[in-house]
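# A look at the structure
Chain by chain, the residues run as shown.
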Amino acid sequence: MKEEIVKIQQEALARIAEVTDRRGVEDARVAILGKKGVLTMAQTGMKDVPKEDKPVVGQLLNDARKAITEALEAKLAEVQALADKAAVAGVDLTLPARSLPMGGLHPLTIIRDEAIGILRRMGFALAEGPEIEDEFHCFDALNTPEDHPARNEKDTFYFDSGKLLRTHTSSVQIRTMEKQCPPVRIIAPGSAYRRDEIDATHLSVFNQLEGLYVAKDVSVGDLKGTLEYLLRALFGADTEVRFRPHFFPFTEPSFEIDVKLKVSGQEPRWVEIAGCGMVDPAVFAAVDKERGGEPCYEGMTGFAFGLGLDRLAMIRWGIRDIRALIENDVRFLSQFQ
Ligand code: DAH
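Below you will find a few notes about this structure. (Residues numbered from 1 in each chain as written. Predicted model: local features only at pLDDT ≥ 70, side-chain atom pairs only at ≥ 80, totals over all residues. Heavy atoms only, no water.)

## Observations regarding the site of the ligand
The condition is simple: Residues are counted as near a molecule or strand when any one of their heavy atoms sits within 4 Å of it. Every accessible area reported is derived by Shrake-Rupley at a probe size of 1.4 Å, with residue values counting cover from the shown protein chains alone. In this analysis the probe radius is 1.4 Å and the grid spacing 1 Å, with only protein atoms considered; a cavity is a set of points the probe fits into but cannot get out of, a pocket is an open set with protein on both sides within 12 Å along at least five of seven lines, and lining residues have an atom within 4 Å of a point. If over half the atoms of a molecule are within 2 Å of the grid points of a cavity or pocket, the molecule is regarded as sitting in it. Secondary structure elements follow DSSP: runs of H or I of four or more residues count as helices, runs of E of two or more count as strands, with numbering from the N terminus. The classification used treats Ala, Val, Leu, Ile, Met, Phe, Trp, Tyr, Cys and Pro as nonpolar, Asp, Glu, Lys and Arg as charged, and all other residues, Gly among them, as polar.
Near the ligand, the surroundings consist of 15 residues, among which His168, Gln173, Arg194, Gln208 and Glu210 are the closest. Surface burial for the ligand is 90%, taken as the share of its 350 Å² of free accessible area covered by protein chains. When atom positions are compared with the pocket grids, the ligand is found to occupy the largest pocket. Counting residues per element, the ones that place at least two in the shell around the ligand are strand E5 (205-215), strand E8 (269-279) and strand E9 (301-308). The residue inventory of the shell around the ligand, partitioned by class, reads five nonpolar, eight polar and two charged.

Below, the structure written as C-alpha cells:
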C-alpha cells in the first residue's frame, strides 16, 4: 500500500508537470483526485490495512493529496499566466488611450458669465425680459419717436401682430422699472435682433448686456467708474477705455465707449463696445405714467449702458470674424476648452 501511494504521487506530479493548458489541469485533477481518480481509488484500500499501519498509511495518503492539490493549483496559475500573456501579445499597453471628445463652454458664455460675476459683486441683480417685444417697451417708453430710423421696417424684424424682435436689451430697463421703484440696480444679458447686412462684424442676432442703476444723485462719475472697473476687470488693469459723446434717445448725455484693442502684429485701434449715458427724464416720465398712481421715478437720476457681448468676446480672444461665434465649428470652439 505504501509503495503504491508513493508511486501514484510520483506519477501524478509527473503528469501535472507535462500539462500545458487549463483543460489539461482539469483532466489531471479528475483522473487523480476525482471520484474515480487513482488516489481516491487507492484510498478505498485503507480498510484492508492492518490497524497498526493505518496512521502511517493515512498520513501518506493525506500528504499525497496535499502535494498533488498544490501542484494542480500551481500549474493552473502558470497556464493562466501564459494564456493572459498570449491574449495581449502584440498589444502595446503603454500606448496612451484614445482621448474622448469633451464639450466646453462657448466663448460668449464664458465672457458673459465673467461680466455678470463682476457686476454682481458690484451689487447688480439679474433681470430679464422677452425677446419678442412690443413697440412700447422697445421704443416709445425709451423716448424713441415714431420716425426714428431704428423703428424702420428695413432695420427691425416686425411680426404681423405689430410685435417685433427686440432690437436691443434696453427694453428690459422699462420692464424692470414698471415693476419696482428706485433704487434699481440690474443687469440683463440677452439676444437682440436687427436686419443688418451680415459681414465680419455684423450678424442679425447678437448679444448684449444691459445695465441700469437708478437712485438719488447718481452721477456721470458713477457711470464712468463702474464701466472702467468692469472693462479693466475683464481685459486687464492697464486697459485703455475712452468715452466719446454720442446720441441715444433714452440717455442725456450719452456716450459710446471704446476699448483700445492691441493684437500683436497689428496697429492698436479703438473698438466700440458699448453705448451708455444718464437716463433721460423722459424715460422716467414714461415709466411713471405707465405705472399710474404716485410717481416714484420723478426727480430720480440714473445711468444705463448696453454692452456688445460679441464684441467683448472678439476683443478678449482676438476673433476677427463675428460669424465664427455662431457657426459652431468644433475647430474654432475647441480652442476655448
Ligand atoms: N441700446 C443701445 C444699442 O443697442 C445701447 C445703449 C446705449 C444702451 C445707451 C443703453 C444706453 O442702456 O444707455 O445700441
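## Examining a negative patch on the surface
Basically, it comes down to this: Each patch is built from salt-bridge-free residues with over 30% relative accessible area, joining like charges within 9 Å and nonpolar side chains (Val, Leu, Ile, Met, Phe, Trp, Tyr) within 5 Å. In the sections that follow, a salt bridge refers to a side-chain nitrogen of Lys or Arg positioned within 4 Å of a carboxyl oxygen of Asp or Glu. When charges are tallied, Lys and Arg are placed among the positive residues and Asp and Glu among the negative ones, while His and the ends of the chain are skipped. To locate a charge, take NZ of a lysine, CZ of an arginine, CG of an aspartate or CD of a glutamate.
Negative charge collects at one region of the surface, where Asp155, Asp196, Glu197 and Asp199 lie side by side. Inspection of the secondary structure puts Asp196 in the loop between strand E4 (184-193) and E5.

## Examining the packing of aromatic side chains
To keep it simple, the criterion reads: Classification of ring pairs rests on two measures: the distance between centres of Phe, Tyr or Trp rings, Trp counted by its six-membered ring, which must be within 6.5 Å, and the angle between planes, read as stacked under 30 degrees, edge-to-face over 60 and tilted in between. Only protein chains enter the area calculation, which uses a 1.4 Å probe; residues under 20% of their type maximum are buried, those over 50% are exposed, and those in between are partly exposed. For a lysine, the NZ atom is tested; for an arginine, the CZ atom; a charge sits over a ring if that atom is within 6 Å of the ring centre and within 35 degrees of the ring normal.
Following the criterion strictly, the structure yields eight aromatic pairs and no others. Ring centres of Phe332 and Phe336 lie 5.1 Å apart, and the angle between their planes is 65°; this geometry places the pair in the edge-to-face category. Here the two residues Phe332 and Phe336 agree in accessibility, since each one is buried. The ring centre of Trp317 lies 5.5 Å from the NZ or CZ of Arg316, which sits over that ring.

## Considerations on the state of the cysteines
Every disulfide links exactly two cysteines, by a covalent bond between their sulfur atoms. We count it as follows: To count as a disulfide, a pair of cysteine sulfur atoms needs to be within 2.5 Å.
As enumerated under the stated definition, the model contains one disulfide in all. Put simply, Cys181 and Cys296 are joined by a disulfide, and their sulfur atoms are 2.1 Å apart. With the S-S dihedral at roughly -95°, the linkage between Cys181 and Cys296 falls on the left-handed side. Of this pair, Cys181 sits in the loop between helix H7 (171-179) and E4 while Cys296 sits in the loop between helix H9 (281-291) and E9, placing them 115 residues apart in sequence. The class of Cys296 is buried, set by a relative accessible area of 16%. The thiol sulfur of Cys138 is not disulfide-bonded, and the nearest other cysteine sulfur, from Cys276, lies at 19 Å.

## What about unusual backbone geometry?
Backbone torsion omega between Pro182 and Pro183 reads 5°, so that peptide bond is classified as cis. Here Glu252 and Pro253 are connected by a cis peptide whose omega angle stands at 0°. One can find Pro253 in strand E7 (residues 251-261). A positive phi angle, close to 60°, is found at Asn143, a residue other than glycine. Tracing the sequence through the fold places Asn143 in the loop between helix H6 (135-138) and strand E3 (164-165).

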